Amino acid sequence: MRHKLKENRHICTIEQTRISQAENRALPRHVKILRALQKLRLASDQHPSTEKHLKSSYQIIKENERLQQCFPAFIIHPFSLLRLYSDVVVFIVMNLHLMLLPFAFSFLAFETRPTRHLVEYIDLSLCVILVVEFALTFCTGIVVLETNEIVLNPRKIFFNRLRPFRLMYDLLLFFPYILLLEVFDELIVEAGAEASLVFVSFLYLCNIARFRDSNRYFSVIPRSLDISQSKMRIVEVIMNTLYVLHWTTCLGYIIPVLLKVDSSARTSDEEELLAAMHLPQLNVSAALERVANPFVRVRLTDLDTSTAYRYLRSMMITLRVGLASSEKKDIEEHYVYHWIMWLVMFLGWLWFNYVPVVLCRFFDSPEMATDQYDKFMANLKAFVYNKRLSATLERKLRNNFATRFRTRYFDEEMIMGLFPSNLRSSIRMETCRHLVASVDLFKNLPYFILTDIVNCLQLEVYLRDDVIIAAGSYGDSMYFLAAGTVAVYAMNGKELGHLTDGAYFGEISLIRRNQQRTANVVALEACEIYRLSHEDFQNVVKPHAYLLNRIRKQAEQRLAMMKRKKDKMYGKKFFEAFLQ
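An unreviewed UniProt entry lists the protein under the name Cyclic nucleotide-binding domain-containing protein, with Anopheles quadriannulatus given as the organism.

In structure tokens:
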């Protein structure tokens with residue numbers, strides 16, 4: 001639904017619709033702008049999650065009516081354009097904030113004040129956007145994944161966001177840690193190695209798990225671009241790897257410095273290093289002549305190089321330690337050294353063994369519905385290539401499959417075959433009974449007859465502009481519109497109306513086989529339709545002659561009523577000439 005181009009949308013020719021469209025075009029510009037802004041909070045077919053939860057335009061319209069009529073104006077639908085745009089913005093802002101934070105404390109803590117002030121202003125701006133996002137979550141509906149229920153009640157949303165652990169977790173994200181950068185070189189370092197280590201460890205633990213939130217916001221982007229689930233997960237693994245590597249690189253650079261400038265046991269060489277860090281202009285050659293400590297000499301040399309060089313050098317060392325190919329020799333005399341080396345090596349071993357397992361699972365995981373879906377799509381692409389099918393037909397095949405399975409593949413015949421007949425009937429009744437029970441011809445039928453009718457239904461998928469019924473053809477089936485919208489056209493091409501979810505058409509064909517169709521029925525969007533053939537219906541009802549006679553009588557009455565309506569609309573003589 002979300003990939004339809006505006007210029008290719010159906011142009012409705014129904015009189016009432018044309019009048020309403022003309023009235024909307026005549027509205028003042030400020031009213032149009034206001035309506036456009038209000039529309040941003042409503043469910044939209046352009047949101048990638050809409051197609052999974054709201055299968056048709058009718059369901060989207062009903063969901064928006066529920067939002068507008070039953071809930072306050074500040075409630076935002078989780079499948080709205082506002083949520084789509086905000087998720088993309090928050091993904092970018094969150095990653096910038098979480099990447100800038102450790103970099104600032106590790107490599108910019110001893111830079112000149114103008115540089116630090118610029119970084120602080122940037123990060124504070126990012127924090128403000130995250131605060132706005134936090135406030136926006138209190139106005140955004142919730143999707144209950146277990147039941148696919150869309151919760152829009154303000155009270156339920158508010159108390160869901162106010163859960164203690166969740167609230168504390170969210171608040172720690174946009175806390176302005178960057179303000180501590182102003183006093184980091186003076187207060188944190190002077191507090192001692194232990195206090196410094198506690199602070200940077202707290203910073204690490206509070207934010208390292210944020211890649212899960214980043215993945216959640218990121219998932220909107222590839223789904224909007226129709227990127228497969230397996231590729232999306234591979235990208236997420238790469239992003240998470242870089243994220244963890246970045247944080248570990250930054251901490252791997254600053255922790256040795258904090259330990260070396262411990263105020264409780266500071267040597268003259270370390271005093272020289274601390275003084276050099278605070279100097280805006282550094283004479284490296286003169287400083288190197290006064291110190292002998294290898295670690296201090298390396299750090300003094302670093303201070304004379306660019307920040308990018310120091311960052312890349314620290315990343316190289318972190319990778320080597322994480323892969324257990326070498327050890328850091330610059331703080332071996334400190335008791336924290338062994339713990340840091342063990343932790344980095346363990347995390348490196350864990351992560352770099354976890355990634356291949358995850359990637360292998362992505363490429364071969366038959367138990368996952370999304371991976372099976374992607375696998376079938378790959379087979380379909382190979383089939384199209386082998387058969388030399390056109391790009392247009394390939395697109396129709398892919399869209400048909402996508403509409404049928406909604407990005408989740410399952411073998412329905414295999415699943416249904418696992419259950420006894422009574423459970424299979426219960427599944428079909430729960431899925432389709434509301435469609436059959438709404439038909440006038442089937443009202444007051446016994447439950448077992450309805451069950452047999454439902455068991456005869458066959459699911460078919462029609463894409464946009466597909467002709468479901470052609471005027472002049474001879475009917476042999478009735479159709480139930482489970483999801484989607486269709487347009488009904490007279491034989492002269494005039495649009496008569498639309499049918500939406502729960503509608504049915506072609507019921508006369510169940511009684512009169514080869515009855516000539518008098519209208520065209522065309523799909524306006526992807527539609528899920530259940531078909532009931534004349535033969536299957538007759539096989540179900542024939543053993544019950546009294547029911548068949550009653551249904552035939554109702555059908556004759558319906559035909560007579562339709563004929564009277566046409567007589568009034570066109571005139572009797574014209575109608576007879578039209579039928580001939």
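Structure's up, so let's keep going.
Colleague: Help me understand the overall build of the protein, please; the structure alone is not making it clear to me.
Modeller: For the protein, the helix and strand inventory stands at 26 helices and 12 strands. In the protein, which comprises 580 residues, the share counted as buried stands at 44%. Sequence-distant contacts, at least 24 apart, represent 74% of the contacts inside the protein between residues at least 6 apart. Accessible surface, the protein: about 32,100 Å² in total, of which carbon and sulfur atoms supply 61%.

Colleague: How should the sheet that holds strand 6 (residues 477-483) be read in this particular structure?
Modeller: Adjacent strands of a sheet pair through backbone hydrogen bonds, lying either parallel or antiparallel. With respect to topology, 4 strands assemble into an open sheet ordered 3-12-6-9, the strand pairing being antiparallel. Across the chains shown, the open sheet's two edge strands, defined by having one partner strand only, are strand 3 (458-462) and strand 9 (504-505). Note that strand 6 and strand 9 share 2 bridges and pair antiparallel. Bridged to Phe480 within strand 9 is Tyr504. The sheet strands contacting helix 22 (residues 421-437) are strand 6 and strand 12 (527-533), and the helix crosses strand 6 at an angle near 120°.

Colleague: Which parts of the structure should I look at to understand the sheet that holds strand 4 (residues 467-469)?
Modeller: Across the sheet, which stays open at both edges, the 4 strands sit in the order 4-11-7-8 with antiparallel pairing between neighbours. Since the sheet does not close on itself, it has two edges, and those belong to strand 4 and strand 8 (495-499), each with one partner. Here the average twist between neighbouring strands, direction ignored, is 30°. As judged from the 4 bridges shared by strand 7 (residues 486-490) and strand 8, these two strands associate in the antiparallel manner. For Val486, the partnering residue across the bridge sits in strand 8 and is Leu499.

Colleague: Before we go on, may I ask you to explain the UniProt feature "transmembrane region" (unreviewed entry) in the protein in this structure?
Modeller: Taken from the UniProt record, the annotation "transmembrane region" (unreviewed entry) applies to residues 88-110, 122-145, 165-181, 187-206 and 335-352. End C-alpha to end C-alpha, residues 122-145 measures 36 Å, and it is 67% helix and 12% strand.

Colleague: Explain the side chain of Thr485 here, please?
Modeller: By the element assignment, Thr485 lies in the loop between strand 6 and strand 7. With near-sequence residues (within four places) excluded, Thr485 lies in contact with Ser57, Tyr58, His498, Leu499, Thr500, Ala523, Leu524, Glu525 and Cys527.

Colleague: Is there a simple way to think about the nonpolar core in this case?
Modeller: Note on soluble globular proteins: their nonpolar side chains tend to be buried together. Counting residues in each nonpolar core, the largest one holds 41 residues, and the members touching the most others are Phe105, Trp247 and Ile254. Secondary-structure elements contributing two or more residues to this core are helix 5 (81-107), helix 6 (113-137), helix 9 (181-190), helix 10 (193-207), helix 11 (211-218) and helix 13 (229-260). Among all residues touching Trp247, those that are not within four sequence positions of it are Leu98, Leu101, Pro102, Leu203, Tyr204, Asn207 and Ile208. Of all hydrophobic cores here, the second largest spans 30 residues; its members include Met478, Ala482, Ile511 and Val540.

Colleague: What exactly am I supposed to notice about the confidence of the model for the protein here?
Modeller: Interpretation of this model should avoid reading the predicted coordinates in detail wherever pLDDT is low. Averaged over every residue, the pLDDT of the protein is 79; the share at 70 or more is 76%. pLDDT under 50 marks residues 1-7. Its contacts with residues more than four places away, or in other chains, come to 22 contacts.

Colleague: I would appreciate a short explanation of helix 6 in the present structure.
Modeller: Note that an α-helix has 3.6 residues per turn; residues three or four places apart therefore point the same way. With 25 residues, helix 6 ought to run about 36 Å at 1.5 Å a step, and its terminal C-alpha atoms sit 36 Å apart, in line with that. Within the sequence span of helix 6, burial applies to Arg116, Val119, Glu120, Asp123, Leu126, Cys127, Leu130, Glu133, Phe134, Leu136 and Thr137.

Colleague: What exactly am I supposed to notice about the packing of helix 5 against helix 6 here?
Modeller: In a packed pair of helices, the relevant descriptors are the angle between the two axes and the axis-to-axis distance. Taken N-terminus to C-terminus, the directions of helix 5 and helix 6 make an angle of 140°; their axes are 9 Å apart at the nearest point. What the angle tells us is that helix 5 and helix 6 run oblique. Judged by the twist between their axes, the crossing of helix 5 over helix 6 is left-handed. Together, Arg83, Ser86, Val90, Val93, Met94, Leu96, His97, Leu100, Leu101 and Ala104 of helix 5 and Val119, Ile122, Asp123, Leu126, Cys127, Ile129, Leu130, Glu133 and Leu136 of helix 6 make up the contact between the two elements. Of the residues in the contact of helix 5 with helix 6, the class split is 14 nonpolar, 2 polar and 3 charged.

Colleague: Hey, could you run me through the pattern of salt bridges in this one?
Modeller: Side-chain pairs of opposite charge can arise whenever the charged atoms involved come near each other. The full count for this structure, using the stated rule, is 10 salt bridges. Taking the shortest distance from any N to any O, the salt bridge between Glu528 and Lys55 comes out at 3.9 Å. Here the residue Glu528 occupies a position in strand 12, and Lys55 occupies one in the loop between helix 3 (50-53) and helix 4 (57-70), the gap between them amounting to 473 residues. According to the relative accessible area criterion, Glu528 is buried, its value standing at 9%. Lys55 sits in the partly exposed class, given a relative accessible area of 29%.

Colleague: Help me understand unusual backbone geometry, please; the structure alone is not making it clear to me.
Modeller: One can expect most non-glycine residues to show negative phi and most peptide bonds to be in trans. Even without being glycine, Arg388 reaches a positive phi, approximately 55°. Turning to its location among the elements, Arg388 is positioned in the loop between helix 19 (369-387) and helix 20 (391-405). Its relative accessible area of 62% is what places Arg388 among the exposed residues. Its identity is not glycine, yet Asp465 carries a phi of approximately 75°, on the positive side. For Asp465, the location among the structural elements is in the loop between strand 3 and strand 4. Among the residues examined, Asp465 registers a relative accessible area of 51% and is labelled exposed.

Colleague: Teacher, can you tell me more about a nonpolar patch on the surface here?
Modeller: The grouping of Phe410, Met414, Ile415, Leu418, Phe419, Leu423 and Ile427 at the surface amounts to a nonpolar patch, some 600 Å² of accessible area in total. By secondary structure assignment, the location of Phe410 is in the loop between helix 20 and helix 21 (412-417).

Colleague: How do you make sense of the packing of aromatic side chains when you look at a structure like this?
Modeller: Aromatic rings considered in pairs are described by the distance between their centres and by the relative angle of their planes. The full count for this structure, using the stated rule, is 18 aromatic pairs. When the ring of Phe107 is compared with that of Tyr311, the centres are 5.8 Å apart and the planes differ by 70°; the resulting orientation is edge-to-face. With Phe107 in helix 5 and Tyr311 in helix 17 (residues 307-322), this pair connects stretches of sequence that are 204 residues apart. Under the relative-accessibility criterion, Phe107 is labelled buried at 2%. You can call Tyr311 buried: its relative accessible area is 16%. Judged by centre distance (5.7 Å) and plane angle (85°), the rings of Phe158 and Phe159 are edge-to-face. According to the relative accessible area criterion, Phe158 is partly exposed, its value standing at 39%.

Colleague: Just to check I follow, could you spell out the pairing of strand 12 for this structure?
Modeller: Side-chain positions along a regular strand alternate between the two faces of the sheet. By the criterion of burial, strand 12 is predominantly enclosed, with 7 of the 7 residues buried. Burial along strand 12 is two-sided: Cys527, Ile529, Arg531 and Ser533 and Glu528, Tyr530 and Leu532, pointing in opposite directions, are all buried. Pairing geometry for strand 3 and strand 12, over 5 bridges, is antiparallel. Within strand 12, the position partnered with Glu460 by the bridge is Ile529. Pairing geometry for strand 6 and strand 12, over 6 bridges, is antiparallel.

So, how was this worked out
- Residues numbered from 1 in each chain as written.
- Predicted model: local features only at pLDDT ≥ 70, side-chain atom pairs only at ≥ 80, totals over all residues.
- Heavy atoms only, no water.
- Helix = DSSP H or I, 4+ residues; strand = E, 2+ residues; numbered from the N terminus.
- Buried < 20%, exposed > 50% of the residue type's maximum accessible area, 1.4 Å probe, protein only.
- Contact = heavy atoms within 4.5 Å.
- Areas by Shrake-Rupley, 256 points an atom, 1.4 Å probe, with all protein chains shown as cover.
- Pairing = 2+ DSSP bridges.
- Axes fitted to C-alpha atoms, helices over the stretch in contact; angles between N-to-C directions.
- UniProt positions renumbered as here; feature names shortened; annotations may be inferred.
- Core = buried A, V, L, I, M, F, W, Y, C linked by side-chain atoms within 4.5 Å.
- pLDDT = per-residue confidence, 0-100.
- Expected span 1.5 Å × (residues − 1).
- Parallel < 35°, antiparallel > 145°, perpendicular 65-115°, else oblique.
- Left-handed = near helix turned anticlockwise from the far one by under 90°.
- Nonpolar A, V, L, I, M, F, W, Y, C, P; charged D, E, K, R; others polar.
- Salt bridge = Lys/Arg side-chain N within 4 Å of Asp/Glu carboxyl O.
- Patch = residues over 30% accessible without salt bridge, like charges linked within 9 Å, V, L, I, M, F, W, Y side chains within 5 Å.
- Phe/Tyr/Trp six-rings, centres within 6.5 Å; stacked < 30°, edge-to-face > 60°.

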